[in-house]
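Overview (structure and organization)
Each chain, letter by letter, is given below.
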Amino acid sequence: MDYQTITREDRDGIAIVTLNRAEVMNALNTQMRAEITHAIGAAGREARVVVLTGTGRAFCSGQDLGDRATASNVNLERTLRDEYIPMLMAVVDCPVPVIAAVNGTAAGAGANLALVCDVVIATESASFIQAFSRIGLIPDAGGTWVLPRTIGLQRAMGAALFADKIPARQAADWGMIWEVAEDDAFEEVWMERARHLATGPTEAFKRIKQIMRASSGHGLEEQLHLEGQLQGQCGKTRDFKEGVMAFMEKRPAVFEGR
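Residues numbered from 1 in each chain as written. Predicted model: local features only at pLDDT ≥ 70, side-chain atom pairs only at ≥ 80, totals over all residues. Heavy atoms only, no water.

1. Quick look at the nonpolar core
Note that soluble globular proteins tend to have their nonpolar side chains buried in a common cluster. In plain terms, the rule: What is meant by a nonpolar core is a set of buried Ala, Val, Leu, Ile, Met, Phe, Trp, Tyr and Cys residues, joined one to another through side-chain atoms within 4.5 Å. Buried means the residue's accessible area, taken with a 1.4 Å probe over protein chains only, is under 20% of the maximum for its type, while exposed means over 50%, and partly exposed covers the values in between.
Core analysis: the biggest nonpolar cluster contains 50 residues, and Ile 36, Val 102, Phe 128, Met 176 and Ile 177 have the highest contact counts within it. Within the second largest apolar cluster, 15 residues are counted, among which are Ile 14, Val 49, Ile 99 and Met 191.

2. Observations concerning helix H6 (residues 153-162)
The line we're drawing: Secondary structure counts use DSSP, requiring at least four H or I residues in a row for a helix and at least two E residues in a row for a strand, with both numbered from the N terminus. The arc in question is traced by the directions running from the helix axis to the C-beta atoms. Should any heavy atoms of two residues lie within 4.5 Å, those residues are counted as being in contact.
When we look at burial in H6, the residues that qualify are Ala 156, Ala 159 and Ala 160. Across the axial projection of H6, the buried residues extend over an arc of 95°, all falling on one side. Facing away from the buried side of H6 by more than 90 degrees, the exposed set consists of Gln 154, Leu 161 and Phe 162. Close packing links the buried residues of H6 with helix H5 (143-151) and strand S9 (165-167). Just downstream of H6 lies Ala 163, where phi reads positive at about 55°.

3. Section: a nonpolar patch on the surface
The test is simple: Patches here: salt-bridge-free residues with over 30% relative accessible area, like charges joined within 9 Å, nonpolar side chains (Val, Leu, Ile, Met, Phe, Trp, Tyr) joined within 5 Å. Here the Shrake-Rupley method, with its probe set to 1.4 Å, supplies the accessible areas, and only the displayed protein chains count as covering residues. A pairing counts as a salt bridge when a side-chain nitrogen of Lys or Arg comes within 4 Å of a carboxyl oxygen of Asp or Glu.
Residues Leu 65, Val 74, Leu 76, Ile 135 and Leu 137 make up a contiguous nonpolar surface patch of roughly 470 Å² in combined accessible area. Judged by relative accessible area, Val 74 falls into the exposed class, the value being 54%.

4. Focus: the side chain of Asn 29
Relative to the helices and strands, Asn 29 resides in the loop between strand S2 (14-19) and helix H1 (30-46). Given a relative accessible area of 9%, Asn 29 falls into the buried group. If sequence neighbours within four positions are ignored, Asn 29 has contacts with Thr 5, Arg 21, Asp 64 and Asp 67.

5. Some remarks on the sheet that holds strand S8 (residues 127-129)
Let me state the cut-off plainly: What makes two strands pair is DSSP finding at least two bridges between them. What counts as an axis is a line fitted to C-alpha atoms, over the stretch in contact for a helix, and the angles between N-to-C directions run from 0 to 180 degrees.
In space, the four strands of this open sheet follow the order S4-S6-S8-S9, with mixed pairing throughout. The open sheet has two edge strands with one neighbour each: strand S4 (58-60) and S9. Direction aside, the axes of adjacent strands within the sheet are offset by 20° on average. Of the pairings in the sheet, the one linking strand S6 (residues 105-107) to S8 comprises three bridges and is parallel in character. When the bridges of S8 are listed, Ala 106 appears paired with Phe 128.

6. Describing the pairing of strand S7 (residues 119-123)
Most of S7 sits inside the fold, with four of its five residues counted as buried. Inspection of the sheet shows strand S5 (residues 98-102) paired to S7 by four bridges, in the parallel sense. The partner of Ala 100 across the bridge, within S7, is Val 120. Examined bridge by bridge, S7 and strand S10 (residues 179-181) share three bridges and lie parallel to one another. Residue pairing for S10: Ala 122 is matched across the bridge by Val 180.

7. Section: the sheet that holds S7
One open sheet accounts for six strands, arranged S1-S2-S3-S5-S7-S10; its pairing is mixed. Every interior strand has two partners, whereas the edge strands, strand S1 (6-11) and S10, have only one. With strand direction ignored, the average angle separating the axes of adjacent strands in the sheet is 20°.

8. Notes on the pairing of S5
Within S5, five of the five residues are buried, which leaves the element mostly enclosed by the surrounding structure. By the alternation rule, side chains of S5 split into Val 98, Ala 100 and Val 102 and Ile 99 and Ala 101, which are all buried. With four bridges connecting them, strand S3 (residues 49-54) and S5 associate as parallel partners. Bridged to Leu 52 within S5 is Ala 100.

9. Side note on the pattern of salt bridges
Any two side chains of opposite charge can pair, on the condition that their charged atoms come close. Tallied over the entire structure, the rule returns 19 salt bridges. Linking Arg 8 and Asp 10 is a salt bridge whose minimum nitrogen-to-oxygen distance equals 2.9 Å. Residue Arg 8 is classed as partly exposed on the basis of its relative accessible area of 23%. When the shortest N-O distance is used, the salt bridge between Lys 206 and Glu 203 registers 3.4 Å. Of the two residues, Lys 206 and Glu 203 are both situated in helix H9 (residues 202-214); the distance of three residues between them amounts to about one turn of the helix. It is possible to trace a salt-bridge network through shared partners that takes in Arg 8, Asp 10 and Glu 46.

So, to be careful, I would describe these as geometric facts and stop short of saying anything about function.
Given below as structure tokens:
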């Protein structure tokens, strides 16, 4: 696909997908959603880690309310079903870790696009806003699923009802995101995290994603059986053999991702 609203850069097994509509704070329109879906899907087949970030002062301000294609034919249920669900599930189903490097404001669907990623690293000046109620809507793009599970029902309810800005430090304190970095060190921090994952045991990471996301729908016994199944698969990988050998030889492991 010839991307018009995003860019993709590859660095040593890291696919960096950048939202590139800074003039509208990287607001999501139909084309951008399709391009994100395609880029994440392709990167999951070709890279060992994906980073999703934005240009300018925002990560993503959510739905582009000025998009003529949307304004002229508003059917929110269809838009969510046909455009948002494929984009979000591309992130969830991506076989390699997806880091959201939140470089600024993440609002509405933009906040929830970040929060469905596997790990969220935000710059100090970033913030998260469940802005939906400001225009008479409910949180969507997975917000009603992610938020109660990460920050609890009371905080999720307050975030949705009041639509307050949640600064990055507060989001980290609440358990909404993984890490906050100083603004001037932000790219260095998320690149180091990405390099760590890109040189790690990719097959294990794939199964970590699978089992962690499955856990909310399982009872303990079902989850224990799945642990056994996936651990058995990990035990047959080259990376497991390398990891054990490196431990025995007291040296850093060199994982090949297979």
